[in-house]
Amino acid sequence: MAAAGLLVCWLGNRGSEDIVGISSSLVLVTYLVGAATGCRLLEGRSRVYSAIGLALTAVVIPFATAYLMVPVIVAALAAAYRWLSARRS
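Residues numbered from 1 in each chain as written. Predicted model: local features only at pLDDT ≥ 70, side-chain atom pairs only at ≥ 80, totals over all residues. Heavy atoms only, no water.

Peer 1: Could you give an account of the side chain of Ser50, with specific residues and numbers?
Peer 2: In this structure, Ser50 sits in helix α3 (residues 45–58). From its side chain, Ser50 meets the backbone nitrogen of Cys39 in a polar contact 3.2 Å long. Beyond its immediate stretch of four places on either side in the chain, Ser50 contacts Ala35, Gly38, Cys39 and Leu42. (Helix = DSSP H or I, 4+ residues; strand = E, 2+ residues; numbered from the N terminus. Polar contact = N/O pair within 3.5 Å; in protein donor to acceptor, adjacent residues only side chain to side chain. Contact = heavy atoms within 4.5 Å.)

Structure follows, in structure tokens:
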């Protein structure tokens, strides 16, 4: 997988730092969704801690703006796949 990622970066005239940026943006969105879910589902102190985590994670978003379209594209592809597979059933 790593070799394939490096090959794609080389073919697309990108550096290996793009792989780090892309994976970081995916992790960032995962943390945001998890913390938002915690804010909704938890109660008491746990909800407060989740809200603090959400706010602190959201502070990092401006540093990942170059790669934030990657999670959007991944989510769109996942939604399309889910819709198509549900339609076939």
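Peer 1: Report on the packing of helix α2 (residues 17–41) against α3, specifying residues and quantitative values.
Peer 2: Interaxial distance between α2 and α3 falls to 8 Å at its minimum, and their mutual angle equals 155°. The angle between the axes of α2 and α3 places the two elements in the roughly antiparallel class. Where α2 crosses over α3, the two elements pack in a sense that is left-handed. On α3, the residues that touch Leu28, Tyr31, Leu32, Ala35, Ala36, Gly38, Cys39 and Arg40 of α2 are Arg47, Ser50, Ala51, Gly53, Leu54, Thr57 and Ala58. Across the contact of α2 with α3, the residue classes break down as nine nonpolar, four polar and two charged. (Axes fitted to C-alpha atoms, helices over the stretch in contact; angles between N-to-C directions. Parallel < 35°, antiparallel > 145°, perpendicular 65-115°, else oblique. Left-handed = near helix turned anticlockwise from the far one by under 90°. Nonpolar A, V, L, I, M, F, W, Y, C, P; charged D, E, K, R; others polar.)

Peer 1: Please provide a residue-by-residue account of the environment of Ser85, values included.
Peer 2: Position of Ser85 relative to the elements: it lies in helix α4 (residues 69–88). The exposure class assigned to Ser85 is partly exposed, which follows from its relative accessible area of 29%. Spatially, the C-alpha atom of Ser85 lies 32 Å from that of Asp18, the residues being 67 residues apart in sequence. In terms of polar contacts, Ser85 uses its side chain to reach the backbone carbonyl oxygen of Arg82, at 3.1 Å. (Buried < 20%, exposed > 50% of the residue type's maximum accessible area, 1.4 Å probe, protein only.)

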